[in-house]
Amino acid sequence: MKKRKKRRLKTSVKLFFLILIVAFIGIHITKVKYEEYLYTKTSDYAITNLGYTAEELNLLNSKLSDNDKWHVANDIGYNEFLINFVKCKYFLARNIDAYLSLTVDKDEDFWHYKKPEDYNYDELVTKVNVMRHNEYYTNSVPTNMSKGYGIIANKYHYLGEDYIPDDLVKVEGKYLFSSSNNIQIRSEVYAAFEEMWKAAKEEENHYLVIESGFRTYKYQKDIYDDYAKKRGASYADSIAARPGYSEHQTGLALDIYSWSCSTANEFKNTKVYEWLINNSYKYGFILRYPENKQNITGYNFESWHYRYVGKDLATKVHDSGLTYDEYYAFYLE
Ligand SMILES: [Zn+2]
C-alpha cells in the first residue's frame, strides 16, 4: 500500500515538472517569435531587406537617426551612391536628398549615368553643405542671429536690412591707414584687434592698419547698385556682395593691411600677411576667403579680409583646416 502511494506521488511530481518544462519551452518559443516579429517592424530590417549588407547597415547606423533610416527605407531604397556619401567625414544626414540629387541613376537617365566610382564624394558633400549646389543668392535664408560672434553672412545667409550692431565703437586714428576714415567695429572685435596689433608690433615690428570695418546695408546697397548700373549685375556680383549678404554688415569683419603695404594685390606677398595667417586665430580672427576656395566661400582670395569669431572658435576653425562656411555648416548650423 505505502509503496504504491509513493510511486503515484513520484509520477505526479514528474508530470508536474514535465508540464513546467513544456510551458517554459512554449513561453521561450513565443518570446523568440515575438521578438522576430518586432524586428520585422524596425528600420534595420527594412534596410536589410532592400539589399544593404550588414556592413553597410552598420555604417548607416553610425551616421543616421532612426527617422533618417526610415527615409532611406521608404523613399530612397537601395542606392549605390548613398553609402559613398555616408562614408565622407563631413556627411550630414539632413542633406541626404541634396547629395543624391547630384548623382545620376542608371535607371532614370542612362545617357548621363556615371559609375559610382567616377564621383568625388567629399567634394559633393562640401558643395551641398555650404549650399553651393544652388546658384548664388538662390534658396538663401536669414542668418541665425543666435550664433553670436559665430553668425555667418555669405551668399546664402543674409542679415536684416535694419541690422546694425548695438556696440559699435570708432577706431582710433593710429590704427587707420588714412586717419580721415571713419571706421567702426564692434567693441569686442576692437579689443581683440588692439591685442593683435600689439603682438604684431612686438614680435615682428609689423604695423597693422584697418582699411574697412562695419558697413551699413545702405552703404553696401549703394556700392552694389553703382557697379550694377555701370557694368551690369554679373560684374557687380563678381566684385561686391549684395546688400544684406556682406560680412562687413556684421561689424565683425575687418580689412587689414599694414603701413608698408595697403595694396590688395600685393598684400599676399608680404611678411605681414604671413604673420596674420599664422597668428590671427590666437586673437579670434580667421582669414575668411582663403586661396583656391572661391568655389566654397563664393569669394576670390582676399588676403586682407579677416573675420572675428572669438578665440575659441577661431582656434577650432584654424585647426580644422576648413573654410568658415564649411565649419559653420558642419559644426554650428
Ligand atoms: Zn572685406
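Since the structure is predicted, the reported quantities are computational estimates derived from the model, not experimental observations.

A. Here's a closer look at the packing of aromatic side chains. Throughout the structure, instances matching the rule amount to 31 aromatic pairs. Members of the aromatic cluster, connected to one another through ring pairs, are Phe81, Phe85, Phe91, Tyr99, Tyr119 and Tyr121. Above the ring of Tyr136, the side-chain terminus of Lys155 is found at 4.5 Å from the ring centroid. The ring centre of Tyr235 lies 3.9 Å from the NZ or CZ of Arg231, which sits over that ring.

B. Expanded view of the coordination of the zinc ion. Protein ligation of the zinc ion involves His248 (NE2), Asp255 (OD) and His305 (ND1), the donor distances falling in the range 2.1 Å. The sequence pattern describing where the donors of the zinc ion fall on their chain is H-x6-D-x49-H. Placement of the pair is Asp255 in strand β6 (residues 253-258) and His305 in strand β8 (residues 305-308), with a sequence separation of 50 residues. Accessibility assignment for this pair places Asp255 and His305 in one class, buried.

C. Up close: the layout of surface pockets. Approximately 570 Å³ is the volume attributed to the largest pocket. Lining the largest pocket are 27 residues, with Ser212, Arg215, Ile223, His248 and Asp255 positioned closest to its centre. Listing elements by their share of the lining of the largest pocket, those giving two or more residues are β5 (208-212) and α9 (217-231). The dominant element in the lining of the largest pocket, judged by the number of residues it contributes, is α9, at 4 residues. Here the lining of the largest pocket is composed, by residue class, of 12 nonpolar, 10 polar and 5 charged.

D. Here's a closer look at the pattern of salt bridges. All told, the structure shown has 13 salt bridges when counted by the stated rule. The salt bridge partner of Asp167 is Arg186, with a shortest N-O separation of 2.9 Å. Of this pair, Asp167 sits in the loop between β2 (157-158) and β3 (168-170) while Arg186 sits in strand β4 (residues 184-186), and the two are 19 residues apart along the sequence. The same class applies to Asp167 and to Arg186, which are both buried. As a salt-bridge pair, Lys221 and Asp225 come within 2.8 Å of each other at their nearest N and O atoms. Here Asp225 and Lys221 lie together in helix α9, a separation of 4 residues that amounts to about one turn. Through salt bridges with shared partners, a single ionic network connects Glu247, Arg288, Arg307 and Asp325.

E. Examining the nonpolar core more closely. Core analysis: the biggest nonpolar cluster contains 40 residues, and Leu60, Val72, Leu82, Phe85, Phe91, Ile96 and Tyr324 have the highest contact counts within it. For this core, the secondary structure elements donating two or more residues are α2 (43-50), α3 (54-63), α4 (66-76), α5 (82-86), α6 (96-101), α7 (121-129), α14 (311-320) and α15 (324-332). Formed jointly, this core draws a minimum of three residues from each of two domains, domain 1 (43-129) and domain 2 (141-332). Aside from chain neighbours lying at most four places away, what touches Phe85 is Phe91, Tyr99, Leu100, Thr103, Tyr121, Leu124 and Val125. Counting 36 residues, the second largest nonpolar core, distinct from the first, contains Leu159, Val171, Cys261 and Tyr306.

F. Structural view of the domain arrangement of the protein. Segmenting the protein into domains produces domain 1 (43-129) and domain 2 (141-332). For domain 1 versus domain 2, the distance between C-alpha centres works out to 37 Å. Counting residues at the interface gives 7 residues for domain 1 and 6 residues for domain 2. Between domain 1 and domain 2, a total of about 540 Å² is buried, with carbon and sulfur atoms accounting for 69% of that surface. For the pair domain 1 and domain 2, the interface holds 0 salt bridges.

G. View of a nonpolar patch on the surface. Together, Leu9, Val13, Phe16, Phe17, Leu20, Ile21, Phe24, Ile25 and Ile29 make up an exposed nonpolar region whose accessible area comes to about 900 Å². Mapped onto the elements, Phe16 comes out in helix α1 (residues 2-39).

What counts and how
Residues numbered from 1 in each chain as written. Predicted model: local features only at pLDDT ≥ 70, side-chain atom pairs only at ≥ 80, totals over all residues. Heavy atoms only, no water. Phe/Tyr/Trp six-rings, centres within 6.5 Å; stacked < 30°, edge-to-face > 60°. Lys NZ or Arg CZ within 6 Å of the ring centre and 35° of its normal. Donors = N, O, S within 2.8 Å, 3.2 Å for Na, K, Ca; no water. Helix = DSSP H or I, 4+ residues; strand = E, 2+ residues; numbered from the N terminus. Buried < 20%, exposed > 50% of the residue type's maximum accessible area, 1.4 Å probe, protein only. 1 Å grid on protein atoms, 1.4 Å probe; cavity = no way out; pocket = protein on both sides within 12 Å on 5 of 7 lines; lining within 4 Å. Points joined across faces, edges and corners; volume = space filled by probe spheres on them. Nonpolar A, V, L, I, M, F, W, Y, C, P; charged D, E, K, R; others polar. Salt bridge = Lys/Arg side-chain N within 4 Å of Asp/Glu carboxyl O. Core = buried A, V, L, I, M, F, W, Y, C linked by side-chain atoms within 4.5 Å. Domains from an automatic or database assignment. Contact = heavy atoms within 4.5 Å. Buried area = accessible area lost by both parts, 1.4 Å probe. Patch = residues over 30% accessible without salt bridge, like charges linked within 9 Å, V, L, I, M, F, W, Y side chains within 5 Å. Areas by Shrake-Rupley, 256 points an atom, 1.4 Å probe, with all protein chains shown as cover.

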